[in-house]
Amino acid sequence: MKEGSMLFVRTDYRTGEGEVSEQVAMDSAAYLKKLSEERYLTAGVFGDMATEEIDGAMIIFEAENLAEAKAISEADPVFQDGVYRYELKQWYVMVTPTEK
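Residues numbered from 1 in each chain as written. Predicted model: local features only at pLDDT ≥ 70, side-chain atom pairs only at ≥ 80, totals over all residues. Heavy atoms only, no water.

A. Fine view of the packing of aromatic side chains. Per the counting criterion, the structure on display carries two aromatic pairs. Where Phe 79 meets Tyr 86, the ring centres are 5.0 Å apart and the plane angle is 55 degrees; that geometry is what we call tilted. Neither Phe 79 nor Tyr 86 differs from the other in exposure class; each is buried. Between the NZ or CZ atom of Arg 14 and the centre of the ring of Tyr 84, over which it lies, the distance is 5.8 Å. (Phe/Tyr/Trp six-rings, centres within 6.5 Å; stacked < 30°, edge-to-face > 60°. Buried < 20%, exposed > 50% of the residue type's maximum accessible area, 1.4 Å probe, protein only. Lys NZ or Arg CZ within 6 Å of the ring centre and 35° of its normal.)

Shown next, in the form of structure tokens:
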């Protein structure tokens, strides 16, 4: 992550309607993986991976501004069928790990 980077936190929530297809989930994972090769990005899901009951996710990523962060979020295939919605917030990092 570059000094002065602007980070955003996207929290994904289930709408309670329907299921995400396996293909959409794979497309979303590929989309996020590609983004992580271009910019700082870390992502994970909320739920139980053993039972595959996933009810949301959190993605922290670098973007130039809120408009770019929204465009990045809207392009994620997981939102194409209305099963998930997201909340987006700019995140100001106050503490980072020190190297040992």
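B. Layout of the sheet that holds strand E1 (residues 7–14). Strand order in the open sheet made by the four strands is E2-E3-E1-E4, with antiparallel pairing throughout. The outermost strands of the open sheet, each flanked by one partner alone, are strand E2 (41–48) and strand E4 (84–91). For this sheet the average axis-to-axis angle between neighbouring strands, irrespective of direction, equals 15 degrees. Bridge analysis of E1 against E4 gives eight bridges, and the strand direction is antiparallel. Across the sheet, the residue bridging to Asp 12 is Tyr 86, located in E4. Across the sheet, helix H2 (residues 66–74) is in contact with E1, strand E3 (53–62) and E4; its angle to E4 comes to roughly 155 degrees. (Pairing = 2+ DSSP bridges. Helix = DSSP H or I, 4+ residues; strand = E, 2+ residues; numbered from the N terminus. Axes fitted to C-alpha atoms, helices over the stretch in contact; angles between N-to-C directions. Contact = heavy atoms within 4.5 Å.)

C. Structural context of the pattern of salt bridges. Enumeration over the complete set of coordinates arrives at six salt bridges. A salt bridge links Lys 34 to Glu 38, with the nearest nitrogen and oxygen atoms 2.9 Å apart. Note that Lys 34 and Glu 38 are positioned in helix H1 (residues 22–38) at a spacing of four residues, about one turn of the helix. Glu 68 is the salt-bridge partner of Arg 39, the closest N and O atoms lying 3.4 Å from each other. Here Arg 39, found in the loop between H1 and E2, pairs with Glu 68, found in helix H2; they are 29 residues apart in sequence, far enough to count as distant. Each of Arg 10, Asp 12 and Asp 76 takes part in a single network of salt bridges with overlapping partners. (Salt bridge = Lys/Arg side-chain N within 4 Å of Asp/Glu carboxyl O.)

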